Amino acid sequence: MYLQKMLSCYPRLNALQTFKRAASQGKNPSSSPFLTLHAVRQWSNVPFFTVPLARAHGKSFAHRSDLRQAKRILVKLGSAVVTRGDECGLALGRLASIVEQVAMLQNQGREMMIVTSGAVAFGKQRLRHEILLSQSVRQALHSGQNQLKDMSLPVLEARACAAAGQSGLMALYEAMFTQYSTCTAQILVTNLDFHDDQKRRNLNSTLHELLRMNIVPIINTNDAVVPPPEPNSDLQGVISIKDNDSLAARLAVEMRADLLIALSDVEGLYDSPPGSDDAKLLDTFYPGDQHSITYGTKSRVGIGGMEAKVKAALWALQGGTSVVIANGTHPKVTGHVITDIVEGKKVGTFFSEVKPAGPTVEQQTEMARSAGRTLASLEPEQRSDIICALADLLTERKDEILSANKKDMEHAVSTGRLSPAMLKRLSLSSSKLNSLSIGLRQIAVSSHDSVGRVLRRTRVANNLELEQITVPIGVLLVIFESRPDCLPQVSALSIASGNALLLKGGKEAANTNRILHELSQEALSIHGVKDAIQLVSTREEVEDLCRLEKMIDLIIPRGSSQLVRDIQRAAKGIPVLGHSEGICHVYVDHEASVDKAIKIIRDSKCDYPAACNAMETLLVHRELLRTPLFDQIIDMLRTEHVKIHAGPKFASYLTFSPSEVKSLRTEYGDLECSIEVVDSMQEAVDHIHKYGSSHTDVIVTENEDTAEQFLQQLDSACVFWNASSRFADGYRFGLGAEVGISTARIHARGPVGLEGLLTTKWVLRGEGHTAADFSEQGSMTYLHENLPVAQVLPGRRTTS
């Protein structure tokens, strides 16, 4: 009865009861709204596939990404995860989401086991309810209603609570798992089940048989009969079952599990007690690092603690089982914490026996930030020296660079994974390196007028001056695909602007990126700031990097529109500078020059169709249809092997038209484009606003008034008159290079060069001034006089 009341408060489980009741009454269960809206969706849409068998047991996974191979997984639910905040009753919402994830992984073909707490909390809630009910009846009979408020509940013994709560806990699990057509089985254990060889073999046999039958075993210590825990007992030899951390570790090794996920109420393992000022969450923990950890107090519930969890985790790791300790109580992540861990995402603390040779990405970020601050404090001439040195190295060491690039090209061709357009981006040549060197020297010149430049200077009051000056943003993360030439360009811009830089290149350019990064650090070394630019390991997932919101200040993606969109979704706490798509338009007005139109359209579409600034839609004024100009445009596109897709309006004018466009918001990135007809310049502007991506748009016309209206009305980052869309580029704009093109409406827009990597800060110089001096009773008044701009440089001030 009590469990039924609890289930009635939980809509998904209540719907399950409706489904069961309908089936028992001979009714069609599919009429149940729960089955229609939830169960069918869950049962039919979960992709069923067999997870490939993991490596032979005996050696744990070395890296997080390997966790995707885990076949047999044990999930340990700590008391803080299972119980409510008042320690009386279960956290039903959390349990439901955990059950959903376990069932999904089970349905994928993995073998799932659960070690759970919660019997004592469930029993405590149940017994308190029964005692309160009986006491209220007695009080009502003997003392009247006025005495009810004075009632007190007795202290409940843990064993009795466990005995009363275990059956209800299992009934709840069974009801939840039934939603996903997943069968469960209960197993209660004590120390004797592990110390007695026969009982140990029996337990092992039972668990293996349940897994073979695709049943999820739910294991708990038999708290109704176990003796009180020994506070000083340790995990030595045959592990003692003094808490569920120990139990989970022992079972994981006993059952040769690939992965143990221990969920608690903390994010993972910190190097010092969580909440202390300098506490850092450890992404990965190695057995030799125990001496560097300072443990805090135990959880609000349960008898374990982080020290017990670490000892249990290391014991399991030594036995060949990988371990992750993570938070199972956070409302924003509980619904996917288990699946995220199995997918190899950076969640919690991963225990590994393999310590990487180099620093972690967190350590790289700290190194970059520290060196970046020194870089920002250098004189402009010193930053210029570094960039010029890098420009020299690009030509002096071109043979090394091209040799590394040749390896990447050969591998890319042999695997066949890159399109011709992507292969072109990957390829480097002597001419490309020469152009890079020239662009870097342009950046070196501009670095003299970057960090410390005064934008505004105001005398606020007598002897109180305010200045707004340019400063670096901080730590930049630039993620790029198949574009190794991007690395020196972005490095030079970061050096000029005094920013620290993390670089994440695609693995297809690994050899080229490595040599270019080495040259960048070699150039930085001439002024002792080698660590300001870091190349992130290819094992780091982009989504994990996007979660370092406390360490990274700006993310700049350079690559496909899909890459940009993925990063914008993943980087919830870090600003992203970029454009999601490059849907660029060329509008040919009825007063356009024939020669200019043909030349501009050919260059915009055919010069480099994979570029984000290539034309994707050609807009043609209606009066040009069936004219020699239009015929020449079509002939030119066919000669260049451009596949044409007709827009709806254009198709209506034709008897036999090309294939009709599926969407006018398509970025083809190849020798394809859409053609649509418009009745006027204003209609062209409206079309671009509706279907464009605010990247780069062009008008071809000889009418200056029409052109000016187009330039003024169109809200795109780049708007051109009688010029190819391919000019939207930092080098072509004279910026030396670009970190990317932005279609955002704040900070930087269009090709982003040095200016886009700077922000500002306000510097106030006074002589003991206080805000109270300027109040009604104060002796001072504001002046707010604009002053001549002064150039503020590290260590000195000069007036320009």
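Parameters and conventions
Residues numbered from 1 in each chain as written. Predicted model: local features only at pLDDT ≥ 70, side-chain atom pairs only at ≥ 80, totals over all residues. Heavy atoms only, no water. Helix = DSSP H or I, 4+ residues; strand = E, 2+ residues; numbered from the N terminus. Contact = heavy atoms within 4.5 Å. Core = buried A, V, L, I, M, F, W, Y, C linked by side-chain atoms within 4.5 Å. Buried < 20%, exposed > 50% of the residue type's maximum accessible area, 1.4 Å probe, protein only. Pairing = 2+ DSSP bridges. Axes fitted to C-alpha atoms, helices over the stretch in contact; angles between N-to-C directions. Expected span 1.5 Å × (residues − 1). Bend = angle between axes of the 7 residues up to and from the residue. Salt bridge = Lys/Arg side-chain N within 4 Å of Asp/Glu carboxyl O. Phe/Tyr/Trp six-rings, centres within 6.5 Å; stacked < 30°, edge-to-face > 60°. Lys NZ or Arg CZ within 6 Å of the ring centre and 35° of its normal. Disulfide = S-S within 2.5 Å.

**Digging into the overall build of the protein**
Check the secondary structure of the protein and you find 26 helices and 26 strands. Here the contacts in the protein between residues at least 6 apart in sequence split such that 74% fall between residues at least 24 apart.

**Points about the nonpolar core**
If you look at the biggest cluster of nonpolar residues, it comprises 46 residues, and the most contacted ones within it are Ile386, Ile387, Ile401 and Leu503. A total of 7 residues in this core trace back to one element, the largest contributor, which is helix α18 (residues 486-497). Not counting residues within four places of it along the chain, the set of residues in contact with Ile386 comprises Leu375, Leu378, Ile495, Ala523, Leu524, Ile526, His527 and Val529. Counting residues in each nonpolar core, the second largest holds 41 residues, with Ala96, Phe122, Leu172 and Val216 among its members.

**Thoughts on the sheet that holds strand β14 (residues 554-558)**
Across the sheet, which stays open at both edges, the 4 strands sit in the order β13-β12-β11-β14 with parallel pairing between neighbours. The open sheet is flanked by β13 (533-535) and β14, the only strands paired with a single partner. For this sheet, the mean inter-axis angle between neighbouring strands, taken without regard to orientation, is 20°. By the bridge criterion, 5 bridges tie strand β11 (residues 475-480) to β14 in an arrangement that is parallel. Residue pairing in the sheet places Phe480 in a bridge with Arg558 of β14. Along the sheet, helix α19 (residues 510-524) contacts β11, β12 (500-505) and β13; its crossing angle with β13, the most-contacted strand, is approximately 160°. Taken strand by strand, helix α21 (residues 561-570) contacts β11 and β14, and its axis lies near 160° from that of β14.

**Brief notes about helix α7 (residues 158-178)**
Here α7 spans 29 Å end to end across 21 residues, near enough to the 30 Å set by a 1.5 Å rise per residue. Bending of α7 peaks at approximately 40° at the position of Gly165.

**Looking at the pattern of salt bridges**
As a working rule, side chains carrying opposite charge can pair if their charged atoms are close by. Evaluation of the coordinates by the stated rule reveals 37 salt bridges. Between Arg453 and Asp449 there is a salt bridge, and its shortest N-O distance comes to 3.5 Å. On the basis of relative accessibility, which here comes to 13%, the residue Arg453 falls in the buried class. We note a salt bridge from Glu543 to Arg547, for which the minimum N-O separation is 3.3 Å. Salt bridges sharing partners connect three or more residues here, namely Asp340, Glu343, Lys345, Glu543 and Arg547.

**Description of the packing of aromatic side chains**
Counting across every chain of the model gives 5 aromatic pairs. Between Phe285 and Phe351 the ring centres are 5.3 Å apart and the planes differ by 65°, which places this aromatic pair in the edge-to-face class. Highlighted residues: Phe285 in strand β6 (residues 284-285) and Phe351 in strand β8 (residues 349-351), separated in sequence by 66 residues. Look at Tyr587 and Phe710: their rings are 6.4 Å apart centre to centre, the planes differ by 20°, and that puts the pair in the stacked class. Highlighted residues: Tyr587 in strand β15 (residues 584-588) and Phe710 in helix α26 (residues 704-713), separated in sequence by 123 residues. In terms of burial, Tyr587 and Phe710 fall into one category: buried. Positioned over the ring face of Tyr608 is Lys424, at 4.9 Å from the centre of the ring.

**Brief notes about the sheet that holds strand β18 (residues 672-678)**
Pairing is parallel across the open sheet formed by 6 strands, whose spatial order is β17-β18-β16-β15-β19-β20. What marks the edges here is a single partner per strand, and that holds for β17 (643-646) and β20 (718-721). Neighbour-to-neighbour, the strand axes of the sheet open up by a mean angle of 20°, direction not taken into account. Sheet analysis places β15 next to strand β16 (residues 615-621), joined by 5 bridges and oriented parallel. The residue of β16 that forms the bridge with His585 is Thr617. Sheet contacts for helix α22 (residues 594-606): β15, β16, β18 and β19 (696-700); angle to β16, the most-contacted strand, approximately 160°.

**Details of the environment of Gly348**
Within the element layout of this structure, Gly348 appears in the loop between α12 (337-342) and β8. Here Gly348 falls in the buried class, since its relative accessible area comes to 12%. Taking the C-alpha atoms as reference points, Gly348 and Tyr270, 78 residues apart in sequence, are found 9.9 Å from one another. If near-sequence neighbours (up to four positions away) are discounted, Gly348 is found in contact with Arg64, Glu267, Leu282, Asp283, Ile325 and Ala326.

**Topic: the state of the cysteines**
Per the counting criterion, the structure on display carries 0 disulfides. Cys584 takes part in no disulfide bond, and the closest cysteine sulfur, belonging to Cys612, lies 6.8 Å away. Among the residues examined, Cys584 registers a relative accessible area of 0% and is labelled buried.

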